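# Per-entry structural report
Each chain, written out:
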Amino acid sequence: MAHRLLVHRIWTLSAKDIRCLPASAAASSFSTSSLQSAATRASFLSPSRSLPRPLPHTSRREVSFNVQDHEDFTVRVINSDLPVLVDFHAQWCGPCKILGPRLEKAIAKQKGRVAMAKVDIDDHTDLAIEYGVSAVPTVIAIRGGDVVDHFVGIKDDDELDSFVGKVIGQ
């Protein structure tokens, strides 16, 4: 455990921090069970080698999300600026488990021009009834709060790409 803590501490120190330490402190902080000298380890952290930096945080809209309740559906689907494909599915449905990843892949190809809402019919029966879902998987395309297209059952990748393209107007 102490070794892990030491490794974490060394990893998080920058080269500037090491240069600011007194020589005796730098050497003692690096003298563990390793055979390398402190100078060799310090050269590893020299400015010529870059330390890992955190990726810049960019705020981006989720392309795929689970609907939490009717209000969430209204806010994220009905009032959405983007077209939204609503995937009505169930945990026990085998074809749903096949269609879901395929649909997510087809939507990811569109790079943010369409979103996907996932609705579990067992949790949100009211939404399923409201949209006339009688079998799963059912996918309904909604643009500007209106249903523009739908399909029931499983489709192959080419058919899904075509469906998504039609929904966004390609």
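Throughout what follows, the structure given in this document is the object of discussion. Because the structure is predicted, anything quoted here is derived from the model rather than measured.

Turning to unusual backbone geometry, a few remarks are in order. With an omega dihedral of 0°, the bond running from V136 to P137 counts as a cis peptide bond. Turning to its location among the elements, P137 is positioned in the loop between α7 (125–130) and β4 (138–143). The backbone of K111 shows a phi angle near 50°, a positive value even though the residue is not glycine. Summarising the element assignment, K111 is placed in the loop between α6 (94–108) and β3 (115–120).

Under the definition given, this model contains five salt bridges. Across the salt bridge formed by K109 and D161, the nearest N and O atoms sit 3.0 Å from each other. With a gap of 52 residues between them, K109 in the loop between α6 and β3 and D161 in helix α8 (residues 157–168) connect regions that are remote in the sequence. The class for K109 is partly exposed, based on a relative accessible area of 44%.

The contact between α6 and α8 brings their axes to 9 Å, and the two run at 50°. Considering the angle they form, α6 stands oblique to α8. For the pair α6 and α8, the crossing hand works out as right-handed. Counting all contacts with α6, which are made through L99, R102, L103, K105, A106 and I107, the residues of α8 involved are D157, L160, D161 and V164.

What follows covers the sheet that holds strand β1 (residues 64–66). Read across the open sheet, the five strands follow the order β1-β3-β2-β4-β5; overall the sheet is mixed. Two strands bound the open sheet, and with one partner strand each, they are β1 and β5 (146–152). Between one strand axis and the next, the sheet turns by 20° as a mean value, whatever way the strands run. Here strand β2 (residues 84–89) pairs with β3 via six bridges, running parallel. Directly across from L85, in β3, lies its bridge partner M116. Along the sheet, α8 contacts β2, β4 and β5; its crossing angle with β4, the most-contacted strand, is approximately 20°.

Compared with the 16 Å implied by 1.5 Å per residue over twelve residues, the 17 Å span of α8 between its first and last C-alpha is a close match. Those residues of α8 not exposed but buried are L160, F163, V164, G165 and V167. Where α8 is buried, its residues contact β2, α6, β4 and β5. With a side-chain oxygen lying 3.3 Å from the backbone nitrogen of D158, the N-terminal cap of α8 falls on D156. Positive backbone phi, approximately 90°, marks G169, located one or two places after α8.

Cut-off values and rules
- Residues numbered from 1 in each chain as written.
- Predicted model: local features only at pLDDT ≥ 70, side-chain atom pairs only at ≥ 80, totals over all residues.
- Heavy atoms only, no water.
- Helix = DSSP H or I, 4+ residues; strand = E, 2+ residues; numbered from the N terminus.
- Salt bridge = Lys/Arg side-chain N within 4 Å of Asp/Glu carboxyl O.
- Buried < 20%, exposed > 50% of the residue type's maximum accessible area, 1.4 Å probe, protein only.
- Axes fitted to C-alpha atoms, helices over the stretch in contact; angles between N-to-C directions.
- Parallel < 35°, antiparallel > 145°, perpendicular 65-115°, else oblique.
- Left-handed = near helix turned anticlockwise from the far one by under 90°.
- Contact = heavy atoms within 4.5 Å.
- Pairing = 2+ DSSP bridges.
- Expected span 1.5 Å × (residues − 1).
- Polar contact = N/O pair within 3.5 Å; in protein donor to acceptor, adjacent residues only side chain to side chain.

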